Amino acid sequence: MRLLSRYVLRQLAAPFVFAVAALTSIMLLNQIAKRFGALVGKGLPWTVIGEVFLLSLPFIVAMTLPMAVLLAVLYAFTTLASSNEITAMRASGVSIGQLLRPVFAAALILTAADFAFVDQGLPATNLRLKALQFDIGRKRPTLTFAEETLNEVTPNSLFLQAGRIYPADGRLRDVTIYEMSGQQGAGRQVIYADSGKMGFEASLTDLYLTLYSGSILQFKGADPGLFQLTYFTVNTIRVRSVGNTLERSGDDVPKSEREMTTCEMLVVVNDTVSAIRTLTEERADRLEQDLRNLLALPRAPTPGLDSGQSRRPPWCERL
């Protein structure tokens, strides 16, 4: 029987490896087609672009692995049936259970490995990919500007809002710029423009904003109640050192469900349930105390709130 088990597993191994490689390659090419233009347009080194696609592989493999198992099983047993090998095995006294026993054993091992990968490895790579995408998004902020949204150009200093943004050529419509820290001691100012255009210089370090048909509302720092209004036809603003270097922030980014393990999600669920239970008990206690005050009854002793959390599975403690 050991010879039969090895033979069946060999029939499954080749189509399984081929299906994983083929399906993963197809989905990876789809990701490259979607992201390559935007990543190259940011002036990133090839190592960073390769890291983005490398960190995308675990998520793709998590989807292609079950499909590869299905294709491998269908192909292997279809081949065995078409070549009458299953008929020969049945004629030799091999039952269907004996034939499927090595398949189920391999499936259990693969299920355990896939669970460990999806629960532990995949959230970690998703978190690294999310942090890297966040860092890339900060490198060229003009490529991630959103319409009708207050976009931060420089931290806590310059903000831009536009009714329409055309990423292809950098044109803007209905532009409003909020400058919170004026240059050379000047006060804060708000710039309005009918239209404009943005672009980087040759070294990709400074951002140029060319505004048309607008006004500048400048508040004087010495007198908060005094401001100066200036109209312009063309106004050019230069913003120096706008994210030309990629600053890596590590994994210090907010986690969503895709970046959490099962144990971490259980902690969030337990904390939420505990908070709801605490608030419910507090509301019931306050309601009882208010009724006692209205009826001139003595105050009831305040019960101790149960702040304990439900226990996590034992394997979470070991992990």
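For the structure itself, consult the block above.
Notes on the structure in this doc start here. (Residues numbered from 1 in each chain as written. Predicted model: local features only at pLDDT ≥ 70, side-chain atom pairs only at ≥ 80, totals over all residues. Heavy atoms only, no water.)

**A short note on helix 1 (residues 2–40)**
(1) Moving on: Its 39 residues give helix 1 an end-to-end C-alpha distance of 53 Å, which sits within 8% of 57 Å, the value for a rise of 1.5 Å per residue.
(2) Moving on: Where helix 1 bends most, the angle comes to about 35°, and this point is Lys34.
(3) Moving on: Of all the positions in helix 1, only Leu4, Val8, Leu12, Pro15, Ala19, Val20, Leu23, Thr24, Leu28, Gln31 and Leu39 are classed as buried. (Helix = DSSP H or I, 4+ residues; strand = E, 2+ residues; numbered from the N terminus. Expected span 1.5 Å × (residues − 1). Bend = angle between axes of the 7 residues up to and from the residue. Buried < 20%, exposed > 50% of the residue type's maximum accessible area, 1.4 Å probe, protein only.)

**Overview of the pattern of salt bridges**
(1) Moving on: Taken as a whole and judged by the stated rule, the model has seven salt bridges.
(2) Moving on: For Glu51, the salt bridge goes to Arg128, with nearest N and O atoms at 3.4 Å. Of this pair, Glu51 sits in helix 2 (residues 46–82) while Arg128 is found in helix 4 (residues 96–139), placing the two residues 77 residues apart along the sequence.
(3) Moving on: We classify Glu51 as buried; its relative accessible area is 18%.
(4) Moving on: With a shortest N-O distance of 3.8 Å, Glu259 and Lys130 are connected by a salt bridge. Placement of Glu259 in the loop between strand 6 (227–239) and helix 5 (262–294) and of Lys130 in helix 4 is noted, with a sequence separation of 129 residues between them.
(5) Moving on: Given the relative accessible area of 4%, Glu259 is considered buried.
(6) Moving on: Take Lys130: its relative accessible area is 27%, and that puts it in the partly exposed class.
(7) Moving on: Shared partners join several salt bridges into a network, and the residues in it are Lys130, Arg258 and Glu259. (Salt bridge = Lys/Arg side-chain N within 4 Å of Asp/Glu carboxyl O.)

**Some points on helix 2**
(1) Moving on: The sharpest bend along helix 2 comes to roughly 30°, located at Thr64, with the proline Pro66 sitting one to four residues further on.
(2) Moving on: Phi for Asn84, located one or two positions after helix 2, is positive at around 60°.

**Comments concerning the packing of helix 1 against helix 2**
(1) Moving on: Helix 2 packs onto helix 1 with a crossing angle of 145° between their chain directions and a minimal axis gap of 5 Å. For helix 1 against helix 2, the interelement crossing comes out right-handed.
(2) Moving on: Residues that form the contact of helix 1 with helix 2 fall into these classes: 32 nonpolar, five polar and one charged. (Axes fitted to C-alpha atoms, helices over the stretch in contact; angles between N-to-C directions. Left-handed = near helix turned anticlockwise from the far one by under 90°. Nonpolar A, V, L, I, M, F, W, Y, C, P; charged D, E, K, R; others polar.)

**Some words on the environment of Thr24**
(1) Moving on: By secondary structure assignment, the location of Thr24 is in helix 1.
(2) Moving on: Placed 44 residues apart in sequence, Thr24 and Ala68 show a C-alpha to C-alpha distance of 9.6 Å.
(3) Moving on: Among all residues touching Thr24, those that are not within four sequence positions of it are Leu57, Ile60, Val61 and Thr64.
(4) Moving on: A polar contact is formed between the side chain of Thr24 and the backbone oxygen of Val20, at a distance of 2.6 Å. (Contact = heavy atoms within 4.5 Å. Polar contact = N/O pair within 3.5 Å; in protein donor to acceptor, adjacent residues only side chain to side chain.)

**Overview of the packing of aromatic side chains**
(1) Moving on: Applying the stated criterion across every chain, the model contains zero aromatic pairs.
(2) Moving on: Of note, Arg171 hangs over the ring of Tyr166, and the distance from its end group to the ring centre comes to 4.2 Å.
(3) Moving on: Positioned over the ring face of Phe59 is Arg258, at 5.0 Å from the centre of the ring. (Phe/Tyr/Trp six-rings, centres within 6.5 Å; stacked < 30°, edge-to-face > 60°. Lys NZ or Arg CZ within 6 Å of the ring centre and 35° of its normal.)

**Some details on the sheet that holds strand 3 (residues 171–179)**
Two orientations exist for strands paired in a sheet by backbone hydrogen bonds: parallel and antiparallel.
(1) Moving on: Ordered by their spatial adjacency, six strands build an open sheet running 1-2-3-4-5-6, and the pairing between neighbours is antiparallel. Single-partner strands in this sheet number two, and they are strand 1 (151–154) and strand 6. Averaged over neighbouring strand pairs, the angle between their axes works out to 30° when direction is ignored.
(2) Moving on: In this structure, strand 4 (residues 189–200) lies alongside strand 5 (residues 207–219), joined through eleven bridges in antiparallel fashion. Looking across to strand 5, one finds that Gly196 is bridged to Leu211. (Pairing = 2+ DSSP bridges.)

**Observations concerning unusual backbone geometry**
Excluding glycine, most residues fall at negative phi; most peptide bonds, likewise, are trans.
(1) Moving on: Phi angles above zero are rare outside glycine, and Asp174 is one such case at about 55°.
(2) Moving on: Positive phi, close to 55°, is recorded for Ser213, a residue that is not glycine.
(3) Moving on: Positionally, Ser213 belongs in strand 5.

**Describing the side chain of Asp119**
(1) Moving on: For Asp119, the position within the fold is in helix 4.
(2) Moving on: A distance of 2.7 Å separates a polar atom in the side chain of Asp119 from a polar atom in the side chain of Gln120.

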